[in-house]
Amino acid sequence: MLSQLSARRNFPRLQAHLDRVHAHNATISDFLRACPGAYSHFVLLDHQDWLAWHQPQALEEEWRLILANSRPGSRILLRSAGGDVSFLPDWTRQALRFFPARTEPLHGQDRVGTYGSLHFAEVV
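Counting of residues starts from 1 at the beginning of each chain's written sequence and follows it residue by residue. Predicted model: local features are reported for residues with pLDDT of at least 70 only, side-chain atom pairs are reported and counted for 80 or more only, and whole-chain, interface and lining totals are derived from all residues. Hydrogens and waters are ignored; side-chain quantities use all the structure's heavy atoms.

**Student:** What am I meant to see in a nonpolar patch on the surface here?
**Tutor:** Residues Phe11, Leu14, Leu18 and Val21 make up a contiguous nonpolar surface patch of roughly 390 Å² in combined accessible area. Residue burial is assigned from relative accessible area. The probe radius is 1.4 Å, only protein chains are included, and a residue is buried under 20% of its type maximum, exposed over 50%, and partly exposed in between. Judged by its relative accessible area of 51%, Leu18 falls in the exposed class. Nonpolar side chains (Val, Leu, Ile, Met, Phe, Trp, Tyr) within 5 Å and like charges within 9 Å form the patches, drawn only from residues with over 30% relative accessible area and no salt bridge. Accessible surface is estimated by sampling points in the Shrake-Rupley manner with a 1.4 Å probe; for residues, cover comes only from the protein chains shown. Only one rule defines a salt bridge in this text: a Lys or Arg side-chain nitrogen within 4 Å of an Asp or Glu carboxyl oxygen.

Next comes the structure, spelled out in structure tokens:
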């Protein structure tokens, strides 16, 4: 399996840089406000679905902070309980390029099975 091969190949690199791995207990918005920077990768799970329904202003704030702290080409991986990203604020889709041809086949291989969709985007 490609992912296992990749994990084996990259594990020594991860071990060599453990001093650069830090755990934070904060919302994404709180983290980005406290630690601004030009981040290259974001992994977002289905909390965004919840925010869209219960705290849409928090979802907008989170995306404003993500985009303000991203450099062009930053990569974003997100999962959703729904089948698409229609829950995202409209203006985010102008700042992102999605790759459904890449993620739709991968979603079928998802062993978790609780998410409705998987999305990969780059900041334009």
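**Student:** Can you help me understand the pairing of strand E2 (residues 70-80) in this one?
**Tutor:** On any regular strand, side chains alternate: one points to one face of the sheet, the next to the other face. Between any two strands, pairing holds if DSSP finds at least two bridges. Secondary structure elements are taken from DSSP: a helix is a run of H or I of four residues or more, a strand is a run of E of two residues or more, and numbering for both begins at the N terminus. Pairing analysis gives five bridges linking strand E1 (residues 39-44) to E2, with the strands arranged parallel. Following the sheet pairing, His41 is matched in E2 by Arg75. Looking at chain direction, E2 and strand E4 (residues 117-123) are connected through six bridges and run antiparallel. Bridge pairing links Leu77 to Phe120 in E4.

**Student:** Quick question: what am I supposed to make of the side chain of Glu62 here?
**Tutor:** Within the secondary structure layout, Glu62 lies in helix H4 (residues 56-68). Within the buried set, Glu62 has no salt-bridge partner at all; the shortest N-O distance to an opposite charge, 8.8 Å, is to Arg33. Two residues form a contact once any of their heavy atoms are found within 4.5 Å. Discounting residues that sit within four places of it in the chain, Glu62 has contacts with Ile28, Ser29, Leu44, His47, Gln48 and Leu51. This count recognises Lys and Arg as positive and Asp and Glu as negative, with His and chain-terminal groups excluded.

**Student:** Quick question: what am I supposed to make of H4 here?
**Tutor:** Each full turn of the α-helix corresponds to 3.6 residues, which orients residues three or four apart in the same direction. Relative to the 18 Å expected for 13 residues at 1.5 Å per residue, H4 spans 18 Å between its end C-alpha atoms, a close match to the ideal helical length. All of the buried residues in H4 are Ala58, Leu59, Glu62, Trp63, Leu65, Ile66 and Leu67. In a helix, the anticipated span is given by 1.5 Å times the number of residues less one.

**Student:** Explain the sheet that holds E4 here, please?
**Tutor:** The pairing of strands in a sheet happens through backbone hydrogen bonds and is either parallel or antiparallel. Strand order in the open sheet made by the four strands is E1-E2-E4-E3, with mixed pairing throughout. A strand with exactly one partner marks an edge of an open sheet, and here the two such strands are E1 and strand E3 (96-98). The average angle at which neighbouring strand axes cross in this sheet is 20°, direction not considered. Sheet analysis places E3 next to E4, joined by three bridges and oriented antiparallel. Where helices are involved, their axes are fitted lines through C-alpha atoms of the stretch in contact, as for all axes, and angles between N-to-C directions lie from 0 to 180°.

**Student:** Any chance you could explain the environment of Ala95 here in plain terms?
**Tutor:** Mapped onto the elements, Ala95 comes out in helix H5 (residues 92-95). Separated by 29 residues in the primary sequence, Ala95 and Val124 have C-alpha atoms spaced 5.6 Å apart. If we ignore the near neighbours within four places in the chain, the residues touching Ala95 are Leu67, Glu122, Val123 and Val124.

Read these as geometric descriptors, not functional statements.
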